[in-house]
Amino acid sequence: MKLIKTALFLLLILTAFSCMNDTKKVDDLRLWYEQPADTWTEALPVGNGRLGAMVFGGVYNERIQVNEESLWAGERLDTNNPEALQALQKIRQFIFEEKIEQAYKLGNKSFLGIPPRVRSYQTLGDIFIKADSTSPFTEYKRELVLNTGLCNTSYAMNGVKYSREVFASAPDNVLIVRLSADTEQSINARICLLREKNAAIRVIDDNTLLLEGQIMDDTNPLQGEGGAHMKFAAKLLVANSGGKVIADNDTLVIKNADSALLFFTASTDYNLDKLNFDRSIDPVAINDNILNPLKNKSFEQLKKHHIEEHRSLFDRVSIDLGTNDLAALPTDARLDSVINGHDDPGLVALYFQYGRYLLMGSSRSPGILPANLQGIWNEHFNAPWNADYHTNINLQMNYWPAEIANLPETVAPLVNLVDKWREPGRETARKTYGARGWTIHHNSDVFGKTSPRDDMRWGMSPLSGVWMTFLLWRHFEYTRDKTYLREKAYPIMKESMEFVGDFLIEKDGYLVTCPTMSPENAYKLPRTKEPAQLTYAATIDNQTLLAHIDHCIEAAEILQVDENDRVLWRQIRSKIPPISIGRDGTIMEWIKDYEEWDPGHRHMSHLLGLYPLSQITPEKPLLFEAARKTIAKRLQNGGGHTGWSRAWIINFFARLRDGEKAHENVLALLQKSTLKNLFDNHPPFQIDGNFGGTAGIAEMLVQSYGGVIHLLPALPAAWPDGALHGICVRGGFVVDMQWQNNNLTSARIFSKAGEKCIVKYGAKSTELETKAGESYDVAFAD
Ligand code: FUC
């Protein structure tokens, strides 16, 4: 009996051990399917931050839909309403008198940007690879391996095994497709490019296709003048081994090749410095400069280079949430099983890593622009919400995982664009509010539209620019890079603060924002019970202001600058309305205890102070409880119905240290808001939920704010054993830890910046003095 027990124990240990090792195994980091994609949201994404592609894995007709990050419709325009400054006083007066309808009408006429809407981020087009056979196929499989960034489709046909590998190489700035087979002379295919609008495709020689185009916009009073806008070009080169390639009209025909390599790249004449297209840029020449050096490189070299570089980012973090018993199922079947109520921690781990993969694919060098509402992947000419930059939660959420999930370089394109938005943002501050500094409203584009957008009912978010700077400050908090703080982040933050100083006005002894709103909810006007959005001093604004002033003061102290400004900022801070609790015990969303028009609204703006900010913490029990009630009320009334809203709720429950509720919402995100390729579903596809979900899973396992690192703050019972390596926390630390039976078993901290840290696990706490470049085992006194 004892022997059996010992053997069982050993088996258990071995199983546990192999489970731990499993986190590093490639198999766990794979999305895979047994049939080609029928729809775009079943296709698999690859991206290098500049080029994105969706691979369908078709056998008879492969479609690879491609994107280039800067291909947007529209142009740079001064959209500031010339009547705005004059209307401002009147709008404020109407709002203070609760004449909201009048404020709204005047605002839409005299305050809103002209034109009010942005245009869309657009698809570049498609690569099609048509087979010359219609014979039946077997052994079909397509997969995306997250830690190599390789997408592979394989099948057998007429006794030959075929394989099609696709990857977007960041170091070589190119999309590569390799067609191969286990039998010589088996590659026969017709390759063509397609773009339904505004482009011409032609064969340059037997191996090369060129697509050239220019966005020709129709005039739309809501979106601006039409005309000849962004220019773009794409080039596809075929390099065959064996057989031959010949041109047939606008198609390249591969005949009897042993293998073939397709190089694809695309460019536009967009110039970030000018926030506009720029005719001095030649997209055709850029493509040639990218493709020419590749001709001398072998496929093996290109692939190796790509994988090494990809892994240098991806492999920084590994996660194991225990059970991964369904890894052998295709991903769509796995998702179905979660939808049917089966818990699958392995799928949660995969989802987490997929979020990291998607952020790497859509926001990094060689790209220069941040991830938009669809990251970089979009098949439309007019995408949902134009796939724009929504700055009243969505763009911010895209970057929630960036620091914690150890991909700090993905923030650089965001910093670039925010920096460039300052110039038009200054004009908007001056022309709309008579203020210094810079501002932006609830959405924008690559052309820097900063005026109030769309309609006063959802465009009136004057502190969106301030909110964007939180991600810049956070990058410093995680890296403690003072040069970056001094040269990049602080000047942008300080200029936002200048705007704040001029924009705020006195009301009842407070300094308040006006006009404004609580994105994008309405309240019931006390007298008429009609819905109204416009208001003053919405809670989100007060939380934003308190945080921003704190960030600016801390930054100025660290940099030892602007002592007089700090005095002024402290004075402003003392007059910001506090966070209040309403009659029903929830956090008040507005300055008055109004009733919500939609108590289950997807936005939960008044909880910004809970997450991502850390104003509502267990140390403030009244607010903490009120936050809990606020979420409960939203959920009882149908909240969390979009993917991103659900993702935010995961982060809230993590901060509330409620692992069970956080886990419930992780499952709900997978069950209700996840598409077959694991893209987030708003609906339709919108990528913020992927990123918010990834951040939420991390936040359940480790948190850092207020100078303290919290280990396993919201660990659910469903993940009793696990390990997390390479996760980052504020203060410039990287954490590795393991847990068993819901208890932390080991933790090790690497210090990048040599700062002091306090680490807490439950009620236990320890302090560490660290040296830069050293690792420390964390031990807690019992
Ligand atoms: C905000 C949200 C919508 C959508 C849009 C892109 O306006 O309220 O749900 O996500 O952004």
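Note that the structure is a prediction, hence the values are computed from the model and not measured.

Turning next to the overall build of the protein. Broken down by element type, the protein carries 19 helices and 34 strands. A globule of 782 residues ought to have a C-alpha radius of gyration of about 28 Å, and the protein, at 27 Å, matches this closely. Taken along its principal axes, the extent of the C-alpha atoms in the protein is 85 × 80 × 50 Å. Partitioning the intrachain contacts of the protein with sequence separation of at least 6 by distance along the chain shows that 69% fall at a separation of at least 24.

Tracing the backbone through its elements, the reader meets alanine 170 in the loop between strand E8 (160–169) and strand E9 (174–181). Owing to a relative accessible area of 9%, alanine 170 belongs among the buried residues under this scheme. Sequence spacing of alanine 170 and leucine 347 is 177 residues, and the spatial spacing of their C-alpha atoms is 27 Å.

Right, let's get into the site of the ligand. Around the ligand sit Leu373, Trp385, His390, Asn394, Glu520, Arg602, His603, Trp644, His682 and Gln686, and those are all the residues in its vicinity. Taking tryptophan 644, its side chain carries an N or O atom lying 3.0 Å from an oxygen atom of the ligand. Note that an oxygen atom of the ligand is positioned 2.9 Å from one of the side-chain N or O atoms of glutamine 686. The fraction of the free accessible surface of the ligand (290 Å²) that becomes covered by protein chains is 98%. By residue class, the composition of the shell around the ligand is 3 nonpolar, 5 polar and 2 charged.

Geometrically, the link from histidine 682 to proline 683 is a cis peptide bond, its omega value of -5° lying close to zero. For the bond from proline 683 to proline 684, the omega torsion is 0°, close enough to zero to count as cis. Positionally, proline 684 belongs in the loop between helix H18 (659–672) and helix H19 (688–701). Backbone geometry at asparagine 173 places phi at a positive 60°, although glycine is not the residue there. For asparagine 173, the position within the fold is in the loop between E8 and E9. Unusually for a residue other than glycine, lysine 529 sits at a positive phi of about 65°. Relative to the elements of secondary structure, lysine 529 occurs in the loop between strand E24 (523–524) and strand E25 (531–532).

The next point concerns the sheet that holds strand E27 (residues 702–705). Sheet architecture is open: 4 strands sit in the order E27-E28-E32-E33, paired in mixed fashion. Two strands in the sheet have a free side with no partner beyond their single neighbour: E27 and strand E33 (764–768). Each strand of the sheet is rotated relative to its neighbour by a mean of 20°, with strand direction disregarded. Note that E27 and strand E28 (residues 708–711) share 4 bridges and pair antiparallel. Residue pairing in the sheet places valine 702 in a bridge with leucine 711 of E28. Seen against the sheet, H19 touches E27 and E28 and runs at an angle of roughly 85° to E27.

Attention now goes to the environment of alanine 779. Residue position: alanine 779 is located in the segment after strand E34 (775–777). With a relative accessible area of 54%, alanine 779 lands in the exposed category. Separated by 32 residues in sequence, alanine 779 and alanine 747 have C-alpha atoms that sit 7.8 Å apart.

Attention now moves to the sheet that holds strand E15 (residues 251–257). One open sheet holds the 7 strands; their spatial order is E2-E3-E4-E5-E10-E15-E14, and the pairing between them is antiparallel. The sheet is open, and its two borders are formed by strand E2 (44–47) and strand E14 (244–248), each paired with just one other strand. Adjacent strand axes in the sheet meet at a mean angle of 20° when their direction is disregarded. By the bridge criterion, 6 bridges tie strand E4 (residues 61–68) to strand E5 (residues 125–131) in an arrangement that is antiparallel. Its bridge partner being in E5, asparagine 61 is matched across the sheet by lysine 130.

Glancing now at helix H4 (residues 283–291). Among all positions of H4, only Pro283, Asn287, Ile290 and Leu291 are buried. Taken down its axis, H4 places every buried residue within 90° of arc, on the same side. Along its buried surface, H4 packs onto E9, strand E13 (227–241) and strand E16 (259–268). Its side-chain oxygen placed 3.0 Å from the backbone nitrogen of valine 284, aspartate 282 serves as the N-cap of H4.

On to the nonpolar core, then. Grouped together as the largest cluster of nonpolar side chains are 233 residues, with contacts concentrated most on Leu711 and Met737. When residues in this core are grouped by element, the largest group, 11 residues, is from helix H7 (residues 345–362). Non-local contacts of leucine 711, meaning those with residues more than four positions away in its chain, are made with Leu701, Val702, Val735, Met737, Leu744, Ala747, Val759, Lys760, Tyr761 and Phe780. Listed in part, the 12 residues of the second largest apolar core include Leu150, Ile176, Leu237 and Phe263.

Further remarks concern the pairing of strand E30 (residues 733–740). Looking down a regular strand, the side chains alternate between one sheet face and the other. By the bridge criterion, 7 bridges tie strand E29 (residues 722–729) to E30 in an arrangement that is antiparallel. Residue pairing in the sheet places glycine 722 in a bridge with tryptophan 739 of E30. Counting the residues in the hairpin turn of E29 and E30 gives 3 residues, including glycine 731, whose phi is positive at 100°. Here E30 hands over to strand E31 (residues 743–751) after 2 residues, with asparagine 741 in that stretch at a positive phi of 45°.

Here we come to the packing of H18 against H19. Where H18 meets H19, the axes come as close as 11 Å, and the angle between the chain directions of the two elements is 155°. Between H18 and H19, the angle is such that the two are roughly antiparallel. Taken as a pair, H18 and H19 cross one another with a handedness that is left-handed. Residue-level inspection shows Gly659, Ala662, His663, Val666 and Leu669 of H18 in contact with H19, the latter providing Gly689, Gly693, Ile697 and Met700.

Moving on to the pairing of E29. Counting buried positions over the 8 residues of E29 gives 7, a clear majority of the element. Bridge count between strand E19 (residues 318–320) and E29: 3 bridges; the pairing is antiparallel. Bridge pairing links serine 318 to histidine 725 in E29.

What follows deals with the pattern of salt bridges. Considering all chains together, one arrives at 56 salt bridges under this definition. Between aspartate 269 and arginine 279 there is a salt bridge, with its nearest N and O atoms 2.4 Å apart. Taken together, the residues aspartate 269 in the loop between E16 and strand E17 (270–271) and arginine 279 in the loop between strand E18 (276–277) and H4 connect sequence positions 10 residues apart. Taking relative accessible area as the criterion, arginine 279 reaches 41% and is therefore assigned partly exposed. The residue aspartate 419 makes a salt bridge to arginine 422 at a minimum N-O spacing of 2.7 Å. Linking aspartate 419 with arginine 422, this pair stays in helix H10 (residues 412–433), spanning 3 residues, or about one helical turn.

The next point concerns the packing of aromatic side chains. Applying the stated rule across the entire model yields 27 aromatic pairs. Geometrically, the ring pair formed by tryptophan 40 and phenylalanine 679 is tilted, given 5.9 Å between the ring centres and 50° between the ring planes. Residue tryptophan 40 is located in the loop between strand E1 (30–33) and E2, and its partner phenylalanine 679 is located in the loop between H18 and H19; the two are separated by 639 residues in the primary sequence. Neither tryptophan 40 nor phenylalanine 679 differs from the other in exposure class; each is buried. An angle of 75° between the planes, with centres 5.7 Å apart, marks the rings of phenylalanine 111 and tyrosine 433 as edge-to-face. Linking phenylalanine 111 in the loop between helix H3 (100–110) and E5 with tyrosine 433 in helix H10, this pair joins segments that are 322 residues apart in sequence. One exposure class covers both phenylalanine 111 and tyrosine 433, and it is buried. What links up through ring pairs into an aromatic cluster is the set Tyr60, Phe137, Tyr140, Tyr155 and Tyr162. Positioned above the aromatic ring of tryptophan 32, the side-chain terminus of lysine 141 is 5.1 Å from the ring centre. The ring of tyrosine 33 has arginine 142 sitting right over it, with the charged end atom 4.4 Å from the ring centre.

Calculation notes
- Residues numbered from 1 in each chain as written.
- Predicted model: local features only at pLDDT ≥ 70, side-chain atom pairs only at ≥ 80, totals over all residues.
- Heavy atoms only, no water.
- Helix = DSSP H or I, 4+ residues; strand = E, 2+ residues; numbered from the N terminus.
- Rg over C-alpha atoms; globule rule 2.2 N^0.38 Å.
- Contact = heavy atoms within 4.5 Å.
- Buried < 20%, exposed > 50% of the residue type's maximum accessible area, 1.4 Å probe, protein only.
- Near = heavy atom within 4 Å.
- Polar contact = N/O pair within 3.5 Å; in protein donor to acceptor, adjacent residues only side chain to side chain.
- Areas by Shrake-Rupley, 256 points an atom, 1.4 Å probe, with all protein chains shown as cover.
- Nonpolar A, V, L, I, M, F, W, Y, C, P; charged D, E, K, R; others polar.
- Pairing = 2+ DSSP bridges.
- Axes fitted to C-alpha atoms, helices over the stretch in contact; angles between N-to-C directions.
- Arc of directions from axis to C-beta.
- Core = buried A, V, L, I, M, F, W, Y, C linked by side-chain atoms within 4.5 Å.
- Parallel < 35°, antiparallel > 145°, perpendicular 65-115°, else oblique.
- Left-handed = near helix turned anticlockwise from the far one by under 90°.
- Salt bridge = Lys/Arg side-chain N within 4 Å of Asp/Glu carboxyl O.
- Phe/Tyr/Trp six-rings, centres within 6.5 Å; stacked < 30°, edge-to-face > 60°.
- Lys NZ or Arg CZ within 6 Å of the ring centre and 35° of its normal.

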